[in-house]
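Geometric and topological summary
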Amino acid sequence: MTNDADTFTITMRKRPWWFWAFAELWLLSEVVLVQTALASARESEYRAATISWIAAAVLAVAGAFGWLRRKDSHKPNEPNKSV
Amino acid sequence: MEGTRKQTGRRAFLKAGGIVAATGALGSMGAFVTGTGEDASRSGNERKRARWIKAVSRPTLGETNADYKRFSGFDMFALYPSLKTQRDGAGSFEAEQASKDKRLVAWTNEKKPGFSLPDQQLSEGAWTVMRSARPGAGLLSWTRPPEDVPTEPIAPRYTAAPEEMANTVKAAARLYGARLVGIAPMNEAYVNLKVPHRERPHKERPPKDAQQKDAHSTVHPHEGEDQKSADSLAHHHADNDQKCERGKEQKTDQPPQDKEIVFADVDVPEVTDAKFMIPRKMKWVVAIAIPMDIELLARTPTPLGDAASALGYSHSAFVVSSLAVFIRGLGYEAIPCVNDTAQSIPFALDAGLGELSRLNKLVTPDFGPAVRLCKVFTDMPMACDKPVDFGLVEFCKTCKKCAEACPSRALSFDDEPSFKTKGPWNNPGHKTWYEDSYKCYQYWQKSGSACGVCLASCPYTKGDQAWIHNAVKATASIAPAADGVFRIMDNAFGYGKQHDPEQWWTKDSPSSRRG
């Protein structure tokens, strides 16, 4: 956001198509892993459940890290690159 | 702002479009993985099956050659005493049985996990229904009870289009407890030559599992063992129950004889002292699969794990006997069979219940090899189903997990199936991975159980709650190149390993299961 005394100018950058594809893939993977973890626990397959929980957690952390990193990547004197 | 609003609107539109597209893609994938399709409707049951289970004109494995004949009926249960004696000398079989009995008593007293008194009696209880079923008698009677034979037809027999007749029978079978049902044409080559009378010199512990378990462990399914063997064992135990009182055999004046099974131009099935007669007009076979309890199966090789087979057999006896009464009530004849009388596996293959596997047993896409098979012969005209292909044979060529897991090394490690048999327990003349039933049955004696590790270790033996499993099966059906990765993943996730037997009573029994 810039301020030239009389007006605010907001620059909104579109996220590229691959970002949304990647986000959907990430979300799908999370859903499948969590469902697998819950189902495996119900079926007494505890090792499969544990691995699925760990994978889901790692993926969640990776997703959060990627999101935060991207959000903080703009420089103070430049237009904000994130919405 | 106007431009910004337009841009925002377009982006929102694109986002919404993306979400719709993604949802559509997921839905399509879901339909492929779990949904229905034309092929499935032709190949299976009234309940349509997933699209990745394709109907084909002939079974993917099990092709026969000129050597294929009706199986003698003498499977490993019948052959083992003489084979053992032949290989290890006179008295070796009796000594082995005595040693096994002694070992079992010791394990019971020391409460070895899976061998405690409750563990063993769980299986005993599960056998109850099956024990009252013998080929041609009791629950498995081939004819109506005399008091139920009407002197005059009460009503015209039920008639409809063949497809509707098939669906009617399948609906009834499902109500009685069948999970997979298919209709196959009668093939006389699959029917055994005899119903052997089995004499056991030793008191045996109650039958342990047997289904495909025993099938694989005994003779070969396609040939004549699979469920047959299991069945034989069950019938044998039924015999024992009737003849023995706490292990002491009572002598009878006339020793039972083996009985021939013949096809004849008669109106109704007949069972005489010398033979079983199947009317030639019985041209249809209802092939049925009963799933085993995989929580129990995961406890093999123990008596606790054997309860999974026992329960499967008892359910089978109930389903086929109920279905036979239903069909007779519609005005037709019906012969209910569990493992007896004929090979269940080839009929199940023809009816599209599954594919023949490295185990030399049927593997279903839904429950893997963890099923018990049974069948009903009838003269009720029905539309037949088609065999199925879901990529199993290619998967078996790569996987070999069952062969590696088998404690007795009874299963084949060959890359390709062949016509080469392993012993007299195999029925020659069909292409498969033949198993060494002698080694298998010998391990039964050593372990004090009917094993079943091969059934439990198969990657297709899975619960049905995790979506990912169906996705993997669907992928394997169209991309054999991924089979090796799936096998590695199956191991990495810990599938197929024995579960703690003691934990069944506290955590995994039906009364304590979650969900």
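Computed from a predicted structure; not experimentally measured. Residue numbers run consecutively from 1 along every chain, following the written order of its sequence. For this description, chains carry letters from A and ligands carry numbers from 1, given in the order in which they are written. Only residues with pLDDT of at least 70 get local features here, since the model is predicted, and only at 80 or more are side-chain atom pairs given and counted; chain-wide, interface and lining totals rely on the full set of residues.

**Focus: the overall build of chain A**
Within chain A, the regular secondary structure consists of 2 helices and 2 strands. Reading chain A from its N terminus to its C terminus gives the helix and strand order β-β-α-α. Working definition of burial: number of other C-beta atoms within 10 Å of the residue's own, with buried at 20 or more, exposed at 12 or fewer, and partly exposed in between, all C-beta atoms being placed from the backbone. Within the span of chain A, comprising 83 residues, buried residues form 13% of the whole. Nonlocal contacts in chain A, meaning residues at least 24 apart in sequence, comprise 37% of its contacts between residues at least 6 apart. Secondary structure elements are defined from DSSP: runs of H or I of at least 4 residues count as helices, runs of E of at least 2 residues count as strands, and each element is numbered from the N terminus. Residues are treated as contacting if the C-beta atoms built from their backbones sit within 7 Å of each other.

**Some points on the sheet that holds strand β15 (residues 371-378) of chain B**
All names here are of chain B. Strand order in the open sheet made by the 4 strands is β4-β11-β15-β12, with antiparallel pairing throughout. If you trace the sheet from one side to the other, it starts and ends with β4 (180-185) and β12 (334-337), each paired once. Across the sheet, the mean angle from the axis of one strand to that of its neighbour is 20°, orientation sign disregarded. Whether two strands pair depends on DSSP finding at least two bridges between them. Two elements, strand β11 (residues 284-291) and β15, share 8 bridges in a ladder whose sense is antiparallel. The partner of A289 across the bridge, within β15, is L373. Sheet contacts for helix α7 (residues 162-176): β4 and β11; angle to β4, the most-contacted strand, approximately 140°. As a rule, the C-alpha atoms of each element are fitted with a line to give its axis, helices using only the stretch in contact, and angles between N-to-C directions run from 0 to 180 degrees. Along the sheet, helix α11 (residues 303-329) makes contact with β11, β12 and β15, crossing β15 at roughly 20°.

**Focus on the interface of chain B and chain A**
With 16 residues of chain B at the contact, the number on the chain A side is 15 residues. Ranked by residues supplied to the side of chain B that touches chain A, first place goes to helix α1 (residues 2-34) of chain B with 3 residues. Three categories are distinguished: nonpolar for Ala, Val, Leu, Ile, Met, Phe, Trp, Tyr, Cys and Pro, charged for Asp, Glu, Lys and Arg, and polar for the others, with Gly belonging to the last. A breakdown of the residues in the side of chain B that touches chain A according to their chemical character gives 6 nonpolar, 6 polar and 4 charged.

**Focus on unusual backbone geometry**
Cis geometry marks the peptide bond from T300 of chain B to P301 of chain B, where omega comes out at 0°. Following the sequence through the fold, P301 of chain B ends up in the loop between α10 (294-297) and α11. In this model, S44 of chain A sits at a positive phi of 65°, which is unusual for a non-glycine residue. Exposure remark for S44 of chain A: the 20 C-beta atoms within 10 Å place this residue in the buried category. If you check the backbone angles, R409 of chain B has positive phi at about 55° while not being a glycine. Note that R409 of chain B resides in the loop between α14 (401-405) and α15 (437-447).

**Remarks on the nonpolar core**
What we call a nonpolar core is a set of buried Ala, Val, Leu, Ile, Met, Phe, Trp, Tyr and Cys residues whose membership is set by joining through C-beta atoms within 7 Å. Ranked by internal contacts, the top residues of the largest apolar core, which has 114 residues, are V286, I288, V320 and A348 of chain B. Considering every element that reaches this core, the biggest residue donor is α11 of chain B, with 12 residues. In terms of nonpolar packing, the next biggest core, distinct from the first, is built from 5 residues, L33, A37, A48 and A49 of chain A among them.

**Things to note about the packing of helix α3 (residues 76-88) of chain B against helix α4 (residues 92-109) of chain B**
When two helices pack together, their arrangement is given by the angle between the helix axes and the distance between those axes. Residue and element names in this part refer to chain B. In contact at an axis separation of 7 Å, α3 and α4 are set at 110° when each is read in the N-to-C sense. In terms of orientation, α3 and α4 fall into the roughly perpendicular class. Facing α3, whose interface residues are P81, K84, T85 and D88, α4 presents S92, F93 and E96. Residue composition of the contact of α3 with α4, grouped by class: 2 nonpolar, 2 polar and 3 charged. Between 65 and 115 degrees an angle is taken as roughly perpendicular, under 35 as roughly parallel, over 145 as roughly antiparallel, and anywhere else as oblique.

**Quick notes on the pairing of strand β10 (residues 275-279) of chain B**
All names here are of chain B. Summarising the sheet, strand β8 (residues 259-264) and β10 pair through 5 bridges and their orientation is parallel. Within β10, the residue paired with V262 across the bridge is M277. As defined by bridge partners, strand β9 (residues 270-271) adjoins β10 across 2 bridges and the pair is classed as antiparallel. Bridged to E270 within β10 is M277.

**Things to note about the environment of C458 of chain B**
Residues and elements named next belong to chain B. Of note, C458 is situated in the loop between α16 (453-457) and α17 (467-478). Its 29 C-beta neighbours within 10 Å are what place C458 among the buried residues. Separated by 32 residues in sequence, C458 and D490 place their C-alpha atoms 9.4 Å apart. Setting aside chain neighbours within four positions, we find C458 in contact with V363, G368, P369, K401 and C402.

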